[in-house]
Amino acid sequence: MSTKHEQILQHITHLGIGEKISVRRIAKSLNVSEGTAYRAIKEAENQGLVTTIERVGTIRVEKKKENFEHLTFAEVVNIVDGQVLGGRDGLHKTLQRFVIGAMKMEAMMRYVEPGNLLIVGNRYQVHQLALEAGAAVLITGGFDTNEETIAYANEYSLPVITTSYDTFTVASMINRAIYDQLIKKEIVLVEDILIPLQETYFLTTEHMVERWHQLNSDTSHSRFPVVSNDMKVKGMVAAKDILSMKESAPVEKVMTKEPITVNAHTSLASAVHVMVWEGIELLPVVDDQSHLIGVISRQDVLKALQVAHRQPHVGDTLDDVITGRVEEAPMGSVYDYVCHLSPQMTNPIGMISYGVLSTLVTEVGSRLLRRHRKGDLVVENLSLYFLKPVQIESKIEMRGKILEVSRKSGKVDVELFFEDELVGKGLMMAQLLER
């Protein structure tokens, strides 16, 4: 039996794309409280099923798994703090490309196609021609449009949006949003690699230890999640838990209760950290109500991480910008690596930021450890000493020393120099992951 929260989410999922949603309407149609409806709508927004626009309301949008580089017009409204003048029924549609209208009308219209967003000022005739060509319109500078254009927008279900920002700022904001989505696209989530429920072996709280032996014999696996009758995760059973136990002993008595779980939207990096830190080989994956939806194994996680590392990057994070500037020192140098500081790597007063310092220490320590041990690692502890300020556009030279390395862990000391003077120092400890 599904909960009211789940029923509302299912109801929202089955609504038509572009349909308006309200707390009061959901509460009335499904006979739930407005508080329950509000929480479910917020969850649907987090899942990308709906979006809320000021002065318009909440509308059902298409959930995007692929095509991260595309935004809906509804998302554009929120990005530019816009106001919708007309064509609200088309807010769910996807923006394929945006065109800046900074040329003569005849030349501009050659570039305008269906699915485009034309960014332009208060040029009423251009607004109408863009709508007739199947493109939405974003009016910059806080300008309005005429009633005829609004009528066109409503007829064609193509949004006409106004924003107080200028054209250059708007284009930059939309580009930034697309870039951020491309970075998100690269982040591997648990849902990308989980073994689904239909392929997951599990026990119930009503089973006896005898059932563990049967599953172990059938699958050669030694760890299984334990669920209640309503599929909520209650525990984990591993080989060590049933040692010396009679086959008639209840699983509920021998299982490890309240096990660590992750949800489908947890990043793979976070799951790896949990598994390594806690020494876990198998993690149950649950939904928001703690129902089992699958499992991930340590082996699958490490394999997925290795594949992710080999994928080409579309968008660079701040860490990518920093580590991309770390180069091996020239032959014969007493240093291991050098890095030229860019303006992005400094704080407001032009000195190297603490965050950049930690990234440099982590990068150098990781590279040195990988020279000795091939494979992945998880940073466990980092101690930093910022001895002297380093200003913008300086060349940092770095020297590292491996203090200790074993099969499962490593410890590295990293020193940072500017003009042969010690300016920073770090101690990094990491867990090494076997491939």
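Given the structure is predicted, the values throughout are model-derived calculations rather than measurements.

S.K.: How should the overall build of the protein be read in this particular structure?
M.R.: Of the regular secondary structure elements, the protein holds 15 helices and 24 strands. The C-alpha atoms of the protein give a radius of gyration of 28 Å, which is well past the 22 Å a tight globule of 435 residues would have. Each of the three principal axes of the protein carries a C-alpha extent, and together these read 80 × 70 × 35 Å. Scored against the burial criterion, the 435 residues of the protein give a buried share of 45%. With an accessible surface of roughly 23100 Å², the protein has 50% of that area assigned to carbon and sulfur atoms.

S.K.: Sorry, what's going on with helix H15 (residues 354–372) here?
M.R.: Residue pairs three or four apart in sequence face the same way in an α-helix, which turns once every 3.6 residues. The end-to-end C-alpha distance of H15, which contains 19 residues, comes to 28 Å, matching closely the 27 Å that a straight helix rising 1.5 Å per residue would cover. Three or more residues of H15 are buried, namely Val-356, Leu-357, Ser-358, Thr-359, Leu-360, Val-361, Glu-363, Val-364, Gly-365, Ser-366, Leu-368 and Leu-369.

S.K.: What is the right way to read the domain arrangement of the protein from this model?
M.R.: Accessible area lost during the coming together of the parts is what is often quoted as the interface size. Looking at the assigned domains, one finds that the protein contains domain 1 (4–60), domain 2 (73–185), domain 3 (191–303) and domain 4 (318–433). Between domain 1 and domain 3, the C-alpha centre-to-centre distance is 33 Å. Taken together, the 4 residues of domain 1 in the interface contact 4 residues of domain 3. In terms of surface lost to domain 3, no three residues of domain 1 exceed His-5, Glu-6 and Glu-43, which account for 85% of the buried area on that side. On the surface where domain 1 and domain 3 come into contact, there are 0 salt bridges. At the junction of domain 1 and domain 3, the tally comes to 1 residue pair in polar contact (both at pLDDT 80 or more).

S.K.: Can you help me understand the sheet that holds strand E13 (residues 224–227) in this one?
M.R.: Within a sheet, neighbouring strands are paired by backbone hydrogen bonds and run either parallel or antiparallel to one another. If you trace the 4 strands from one edge of the open sheet to the other, you get E12-E13-E14-E15, paired in mixed fashion. Looking at the sheet topology across the chains shown, the edges are occupied by strand E12 (203–204) and strand E15 (256–257). Packed onto the sheet, helix H9 (residues 209–219) meets E12, E13 and strand E14 (233–237) and runs at close to 140° relative to E13.

S.K.: What's the story with the sheet that holds strand E11 (residues 195–196) in this structure? I'm lost.
M.R.: Taken together, 4 strands build an open sheet; the order of strands is E11-E18-E17-E16 and the sheet is mixed. Across the chains shown, the open sheet's two edge strands, defined by having one partner strand only, are E11 and strand E16 (262–263). Summarising the sheet, E16 and strand E17 (residues 282–286) pair through 2 bridges and their orientation is parallel. In the sheet register, Val-262 faces E17, and the bridge partner there is Val-285. Strands in contact with helix H12 (residues 268–278) are E17 and strand E18 (292–297); relative to E17, the strand with the most contacts, it is inclined by about 135°.

S.K.: Where do I start with the nonpolar core in this structure?
M.R.: Side chains of a nonpolar character, in soluble globular proteins, are inclined to be buried together. The biggest cluster of nonpolar side chains holds 25 residues, and the ones touching the most others in it are Leu-360, Leu-369, Ile-396, Met-398 and Leu-416. Within the residue set of this core, elements represented by two or more residues are strand E20 (337–340), H15, strand E22 (395–405), strand E23 (409–418) and strand E24 (421–433). Considering each element in turn, this core owes the most residues, 7 residues, to H15. Each residue touching Leu-360, except ones within four places of it in the same chain, is listed here: Ile-322, Val-326, Cys-339, Ile-352, Met-398 and Leu-416. In this structure, Val-84, Leu-138, Val-170 and Ile-174 belong to the second largest nonpolar core, which totals 22 residues.

Calculation notes
Residues numbered from 1 in each chain as written. Predicted model: local features only at pLDDT ≥ 70, side-chain atom pairs only at ≥ 80, totals over all residues. Heavy atoms only, no water. Helix = DSSP H or I, 4+ residues; strand = E, 2+ residues; numbered from the N terminus. Rg over C-alpha atoms; globule rule 2.2 N^0.38 Å. Buried < 20%, exposed > 50% of the residue type's maximum accessible area, 1.4 Å probe, protein only. Areas by Shrake-Rupley, 256 points an atom, 1.4 Å probe, with all protein chains shown as cover. Expected span 1.5 Å × (residues − 1). Domains from an automatic or database assignment. Contact = heavy atoms within 4.5 Å. Buried area = accessible area lost by both parts, 1.4 Å probe. Salt bridge = Lys/Arg side-chain N within 4 Å of Asp/Glu carboxyl O. Polar contact = N/O pair within 3.5 Å; in protein donor to acceptor, adjacent residues only side chain to side chain. Pairing = 2+ DSSP bridges. Axes fitted to C-alpha atoms, helices over the stretch in contact; angles between N-to-C directions. Core = buried A, V, L, I, M, F, W, Y, C linked by side-chain atoms within 4.5 Å.

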